[in-house]
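Next come the chains, spelled out residue by residue.
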Amino acid sequence: MSNLMNNSQEETKLKNVSSEFESLKISVLQKARRVSLGNSNQVTIGPNSTFSYDDLNESEKKENSQNSCNILETEKSKTPLENHVSTRSGITFSIKKILYENELQRKEKVRQKVRKRMEEMERSLSASRKEIKIYHSILSVQREQERKDELARFEAEEEMKAQQTEVRRKHEQQLLAQRIKEQKEKLERDAEEQRKKAKEQEEMLLIQNNFHENCRDFETLTNTCKEKYMIEPYIEKIHEFRSHMETIGSAARAGRLTVTDFEFAKITVQNIEEVLRHFKIEIERINAMHDARIAQREQELREAEQLQLRESIQLEESQQNNIIIPESPGVEVTDSGIVPVEAEAAEAPSTNTENESNIELYKFIDKESLQIFVESDEFVNSCKEKYETYIKSNEGKQFRSQSQKKIINPINALSLQSKEFFRDQYERLRFVLSGNLSADPRADAYIKNTLATQIISQGENVVSSKPEAAFPIAAIAVALWNESPEFGELLLANFRVKCPFIVPTFFPRLTGQTDMEYYKSLGYKYSDDGTVEDHLKFLKRITGLMRLYSSIIVTRQRQGVTQHHPHGLQFAWRWLAAMLNNEPQTQFSDIYATLIVVILEVTGHYLWTAYPKQFPKMLSLMITDYYPIISKIRGINDGPLDRLEEFLKQCLTTKTIPPPKGELPPNYW
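Thresholds applied
- For every chain, the first residue of its written sequence is number 1, and the numbers climb from 1 along that sequence.
- Only residues with pLDDT of at least 70 get local features here, since the model is predicted, and only at 80 or more are side-chain atom pairs given and counted; chain-wide, interface and lining totals rely on the full set of residues.
- The side-chain quantities take in all heavy atoms of the structure and omit both hydrogens and water.
- For the purposes of this entry, the term helix denotes a DSSP run of H or I that reaches at least four residues, the term strand denotes a run of E that reaches at least two, and both are numbered from the N terminus.
- Throughout, a residue-residue contact means that at least one pair of heavy atoms, one from each residue, lies within 4.5 Å.
- In short, Shrake-Rupley with a 1.4 Å probe defines the accessible areas, and a residue's cover is counted only from the protein chains shown.
- To qualify as a nonpolar core, a set must consist of buried Ala, Val, Leu, Ile, Met, Phe, Trp, Tyr and Cys residues joined through side-chain atoms within 4.5 Å.
- Buried residues are those whose accessible area, probed at 1.4 Å on protein chains only, stays under 20% of the maximum for their type, while exposed residues exceed 50% and partly exposed ones sit between those limits.
- For helices, the fitted axis covers only the stretch in contact; all axes are lines through C-alpha atoms, and the angles between them, taken along N-to-C directions, range from 0 to 180 degrees.
- Angles are sorted into four bins: roughly parallel if under 35 degrees, roughly antiparallel if over 145, roughly perpendicular if 65 to 115, and oblique for all others.
- In this scheme the handedness of a crossing depends on how the near helix is turned from the far one: anticlockwise by less than a right angle means left-handed, clockwise means right-handed.
- Residues are grouped as follows: nonpolar covers Ala, Val, Leu, Ile, Met, Phe, Trp, Tyr, Cys and Pro; charged covers Asp, Glu, Lys and Arg; every other residue, Gly included, is treated as polar.
- Multiplying 1.5 Å by the residue count of a helix minus one yields the expected span of that helix.
- What the arc describes is the spread of directions from the helix axis to the C-beta atoms.
- Residue-level confidence of the predictor is what pLDDT reports, using numbers from 0 through 100.
- For this document, the term salt bridge refers to a Lys or Arg side-chain nitrogen within 4 Å of an Asp or Glu carboxyl oxygen.
- Polar contact is defined as a pair of N or O atoms within 3.5 Å, subject to the rule that within protein one atom must be able to donate a hydrogen and the other to accept it, and that residues adjacent in sequence are counted only when both atoms are side-chain atoms.
- Ring pairs shown here join Phe, Tyr and Trp side chains whose ring centres sit within 6.5 Å, with only the six-membered ring taken for Trp; geometry is labelled stacked below 30 degrees between planes, edge-to-face above 60, and tilted in between.
- Our definition puts a charge over a ring when NZ of Lys or CZ of Arg is within 6 Å of the ring centre and also within 35 degrees of the ring normal.

## What to know about the overall build of the protein chain
- Of regular secondary structure, the protein chain possesses 20 helices and four strands.
- Considering only intrachain contacts with a sequence separation of at least 6, the fraction spanning at least 24 residues in the protein chain is 71%.
- Carbon together with sulfur atoms contributes 53% to the accessible area of the protein chain, which is approximately 42,600 Å² in total.

## Remarks on the nonpolar core
- Among the nonpolar cores identified, the biggest contains 102 residues, and Leu 600 and Phe 615 are the most heavily contacted of them.
- Per-element tally for this core: the top contributor is helix H18 (residues 589–610), with 13 residues.
- Setting aside anything within four residues of it in sequence, one finds Leu 600 in contact with Leu 576, His 605, Phe 615, Leu 619, Met 622, Phe 647, Leu 648 and Ile 657.
- Ile 231, Phe 262, Val 275 and Ile 286 belong to the second largest nonpolar core, which has 23 residues in total.

## Looking at unusual backbone geometry
- In the segment running from Val 503 into Pro 504, the intervening peptide bond is cis, with an omega of 10 degrees.
- Mapping Pro 504 onto the fold places it in the loop between helix H14 (485–498) and helix H15 (515–522).
- A positive phi angle, close to 55 degrees, is found at Lys 655, a residue other than glycine.
- Among the secondary structure elements, Lys 655 is positioned in the segment after helix H20 (639–654).
- Here Lys 655 falls in the exposed class, since its relative accessible area comes to 63%.
- Notably, Asn 667 is not glycine yet its phi reads approximately 55 degrees, a positive angle.
- Here Asn 667 lies in the segment after H20.
- A relative accessible area of 49% means that Asn 667 is categorised as partly exposed.

## Digging into the packing of helix H12 (residues 441–463) against helix H16 (residues 535–554)
- The N-to-C vectors of H12 and H16 enclose an angle of 125 degrees; their axes lie 7 Å apart at closest approach. As far as their axial angle goes, H16 and H12 are oblique. The crossing of H12 and H16 is right-handed. Here Ile 455, Ile 456, Gly 459, Glu 460 and Val 463 of H12 lie close against H16, whose contacting residues are Arg 541, Gly 544, Leu 545, Arg 547 and Leu 548.
- A per-class count over the contact of H12 with H16 returns five nonpolar, two polar and three charged.

## Overview of the packing of helix H13 (residues 470–483) against H16
- Between H13 and H16, the least distance of the axes is 8 Å, while the angle of their chain directions is 55 degrees. Judged on the interaxial angle alone, H16 and H13 are oblique. Note on packing geometry: the crossing formed by H13 with H16 is right-handed. In this structure, H13 uses Ala 470, Phe 471, Ile 473, Ala 474, Ala 477, Val 478 and Trp 481 to contact H16, whose residues at the interface are Arg 547, Leu 548, Ser 551, Ile 552 and Val 554.
- Of the residues in the contact of H13 with H16, the class split is 10 nonpolar, one polar and one charged.

## Examining helix H11 (residues 419–433)
- The first and last C-alpha atoms of H11 sit 21 Å apart over 15 residues, in line with the 21 Å expected at 1.5 Å per residue.
- For H11, every residue scored as buried is listed here: Phe 422, Gln 425, Tyr 426, Leu 429, Val 432 and Leu 433. For H11, the angular spread of the buried residues around the axis is 120 degrees, confining them to a single face.
- The secondary structure elements touched by the buried residues of H11 are helix H10 (394–412), H12, H13 and H14.
- Of the residues trailing H11, Gly 435 is marked for its positive phi of about 80 degrees.

## Some words on the confidence of the model for the protein chain
- Averaged over every residue, the pLDDT of the protein chain is 79; the share at 70 or more is 76%.
- Contacts for the low-pLDDT stretch residues 321–355, under 50 throughout, to residues beyond four places or in other chains number 28 contacts.

## What about the pattern of salt bridges?
- Counting across every chain of the model gives 23 salt bridges.
- One salt bridge in this structure joins Arg 430 and Glu 427, with 3.0 Å as the shortest N-O distance. A residue pair is termed a helical-turn pair when its members lie 3 or 4 positions apart in one helix, as Arg 430 and Glu 427 do in helix H11 at three residues.
- By relative accessible area, Arg 430 is classed as partly exposed at 28%.
- Residues Glu 460 and Arg 541 are paired through a salt bridge, measuring 2.7 Å at the closest nitrogen-oxygen approach. In this pair, Glu 460 sits in helix H12 while Arg 541 sits in helix H16, placing the two residues 81 residues apart along the sequence.

## Some thoughts on the environment of Tyr 390
- With respect to the helices and strands, the residue Tyr 390 is situated in helix H9 (residues 367–392).
- The spatial distance from the C-alpha of Tyr 390 to the C-alpha of Tyr 446 is 9.2 Å, given a sequence separation of 56 residues.
- Contacts of Tyr 390, omitting those with residues within four sequence positions, involve Glu 395, Gly 396, Phe 399, Asp 440, Arg 442 and Ala 443.

## Observations regarding the side chain of Thr 594
- Secondary-structure assignment places Thr 594 in helix H18.
- The buried category is assigned to Thr 594, whose relative accessible area is 10%.
- A polar side-chain atom of Thr 594 sits 2.7 Å from the main-chain carbonyl oxygen of Asp 590.
- Once residues lying within four places of it in the same chain are set aside, the contact partners of Thr 594 are Leu 539, Thr 543 and Pro 640.

## Considering the packing of aromatic side chains
- Under the defined criterion, the tally for this structure stands at 21 aromatic pairs.
- Considering the side-chain rings of Tyr 524 and Phe 538, the 3.8 Å spacing of their centres and the 15 degrees angle between planes classify their relative orientation as stacked. Placement of Tyr 524 in the loop between H15 and H16 and of Phe 538 in helix H16 is noted, with a sequence separation of 14 residues between them. For the pair shown, Tyr 524 and Phe 538 are each scored as buried.
- Taken together, the aromatic side chains of Phe 501, Phe 506, Tyr 518, Tyr 519, Tyr 524, Phe 538, Phe 588, Tyr 592 and Tyr 626 make up a single cluster linked through ring pairs.
- Above the ring of Trp 669, the side-chain terminus of Arg 558 is found at 4.2 Å from the ring centroid.

Right, here's the structure in full:
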């Protein structure tokens, strides 16, 4: 029975709890409805909430009262019990009251936390104020310290300015003393300069007197020259010296004479003395050559007159005796019949033939050029005779093999890839040329001639195809020429023998001369089967030789070398003058044109600079007189003649010739 009662009580409690939850839901929904109906301005949560459960109860009472008439009495009596919870002791608790008290407790806790937070904020604010006060005090102390530091810095700056002012004052005093000292020294220097200028003027006057005396000597020698056209380069050089001295004299009169001008005047006097010395020798040579030529011509005329006289006498005698003179050279007709003549008479026609050959030869080659060629040929042959037997010996064969490698390898490797490499090749060749390989004079002759022929072969094989390679080879040749003049003369002789046109000599074909003899005299090569060299190949080969030879003429001396050029610009002038003075042979027209263009391309720029008045006249003479003669006969190879004509016209139009291509820069090595 008790169990049944307990079960009923538990069920009643569960119903009451569920009823309370339902009422809670209703309360929430009611609050939401009140908020939505316009009471949103009130605070509904938190410690400041204006919501009251009494208001809720009142509203609930109103709602319940509105519907109480529809509720049964039994239900009315049950409703209040549903809002209370009973315990076993019979004590009942109101859920709403508990919730209300909980809400009050919650609000109180919130108020306490807010109050506690405000107290903490008050404490924090108080601490911040203390910190700000401490910061202000520290800041004031720092400002005071900064003010003291600024004052100390200002005082230090004032003291430094005072020190600088004192230093500046002392410096100005030193400068003033220095200026006074410099002015004194300047006055002393000016006085010394005046004395020096007076002395220089005296020396300059002496130099000018020496120069004018040399000029008078030159004019006297010029008047004694029997062939004026051959000394035009010397005349032009003297005019150049006079122009330099006039410029220096003007500077001296104006008081603008510098040390450089003074030294240049000394050098000019030395140069004119050197030129005058060479000029005396040249005058003697020209006059001797002229006298020899006149004597030769007079001898030839006398011989011709004697021959004509003998022929006329014989003709008169034959006419008187009515006898026909036979043409056989070995007999003579007399009253007693035909008898043999003596040996001297038999040789007379041979002498006449030789004279005719000489006359024919001198018509196209001047005696000086022919003499140069003959001497060059003899010089080369005499050099070969020195070592010919030695080279055939066992010792000579071994030496030849060793020396050829030391000569050929550096020459074949010549290039401008670097200054150091270029100098190295030169030093190797200089070492060989200096006689370090052997002390035997025959070995020395072989080395010099081999080196000369190898350099010339570079002109034939390399320069003929690659013109810009001429100047590196020429630079080495000139440097070695300075080291050994004998080598230089041997190189020049080999040039002339290999290509007689370099002299220039253009041998005509003589009576009784075979084709091989004639072509070899011109420098043509023959193969083993007896075939002569093709003309175009020959022309290309001699072009390379002439370009290399011309490059040697205009190549500058090495850096630091003070001696005169061993084969200078005057030889280019002589070659051109000899070409114009000799009667041209039309069969050589393309050779003439080719070689003239080559030598003008390489040396023309410097000839125009050295002889600014005479050289243009020479070019004009070439185009007006010389070119029409050599262009009379035109064959298949007319290119050289056309190039010569175009080159001369362009030079005379532009009044200049550009510097040669491939030339080494000044002081290259």
